[in-house]
Amino acid sequence: FLETAAYFCMKPKMGEKEVSPHSFFSIWHEFSSDFKDFWKKENKLILQERVKEAEEVCRQKKGKSLYNIRPKHDSGIVSKNS
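None of these values were measured; they are calculated from a predicted model.

Here is what the cut-offs are and how they apply
Residues numbered from 1 in each chain as written. Predicted model: local features only at pLDDT ≥ 70, side-chain atom pairs only at ≥ 80, totals over all residues. Heavy atoms only, no water. Helix = DSSP H or I, 4+ residues; strand = E, 2+ residues; numbered from the N terminus. Buried < 20%, exposed > 50% of the residue type's maximum accessible area, 1.4 Å probe, protein only. Areas by Shrake-Rupley, 256 points an atom, 1.4 Å probe, with all protein chains shown as cover. Salt bridge = Lys/Arg side-chain N within 4 Å of Asp/Glu carboxyl O. Phe/Tyr/Trp six-rings, centres within 6.5 Å; stacked < 30°, edge-to-face > 60°. Patch = residues over 30% accessible without salt bridge, like charges linked within 9 Å, V, L, I, M, F, W, Y side chains within 5 Å. Contact = heavy atoms within 4.5 Å.

An account of the overall build of the protein chain is needed here, citing residue identities and associated values.
Counting its secondary structure elements, the protein chain contains 3 helices and 0 strands. Helices and strands in the protein chain line up, N terminus first, as α-α-α. The buried share of the protein chain, reckoned over its 82 residues, is 5%. For the protein chain, the exposed area adds up to about 8,500 Å²; of that, 59% sits on carbon and sulfur atoms.

Laid out in structure tokens, this is it:
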């Protein structure tokens, strides 16, 4: 624990000799809860952007026909007999 606190440059509060787990984890809890909230918001925004892109692609594909209609060529028996 003390090595981890030293890695994050935690210093003991006034009147304390060492960093207490309570002080360290209270700060860590605030950070992690804020990070989780921002993470959820960011993921929601990314999801909305992807949905908009998918809707746009779908609209573009609906505008284009999926198959081509070619005019009928006279190549059957009726056209040969005429």
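How would you summarise the pattern of salt bridges if you had to cite specific residues and measurements?
This structure, assessed with the given rule, holds 1 salt bridge. Ionic pairing is found between Arg 59 and Glu 56, a salt bridge with its closest N-O pair at 2.8 Å. Taken together, the residues Arg 59 and Glu 56, both in helix α2 (residues 21-63) and 3 residues apart, mark about one turn of the helix. Judged by relative accessible area, which is 37%, Glu 56 ranks as partly exposed.

Break down unusual backbone geometry for me, with residues and values.
With a phi angle near 60°, Cys 9 is a residue other than glycine that sits in the positive phi range. Using a relative accessible area of 62% as the deciding quantity, one classes Cys 9 as exposed.

Can you break down the packing of aromatic side chains residue by residue, with the values?
Under the criterion given, the structure shown has 10 aromatic pairs. Relative to Phe 31, the ring of Trp 28 lies with its centre 5.4 Å away and its plane at 45°, an arrangement referred to as tilted. Here the residue Trp 28 and the residue Phe 31 both occupy positions in helix α2, the gap between them amounting to 3 residues, near one helical turn. For Phe 31, a relative accessible area of 47% corresponds to the partly exposed category.

Pulling in residues and values, what's your account of a nonpolar patch on the surface?
Together, Phe 1, Leu 2, Tyr 7, Phe 8, Phe 25, Trp 28, Phe 31, Phe 35 and Trp 39 line one region of the surface with nonpolar side chains, adding up to about 1,000 Å² of accessible area. Elements represented by at least two residues in the nonpolar patch include exactly α1 (2-7) and α2. With 5 residues, the top contributor of residues to the nonpolar patch is α2. Judged by relative accessible area, which is 39%, Trp 28 ranks as partly exposed.

Describe the environment of Phe 1, and please don't skip the residues or the numbers.
Mapped onto the elements of the fold, Phe 1 is located in the segment before α1. For Phe 1 and Ser 20, which are 19 residues apart along the polypeptide, the C-alpha to C-alpha distance reads 9.3 Å. Not counting chain neighbours up to four residues away, the residues in contact with Phe 1 comprise Val 19, Ser 20, Pro 21, Phe 24 and Phe 25.

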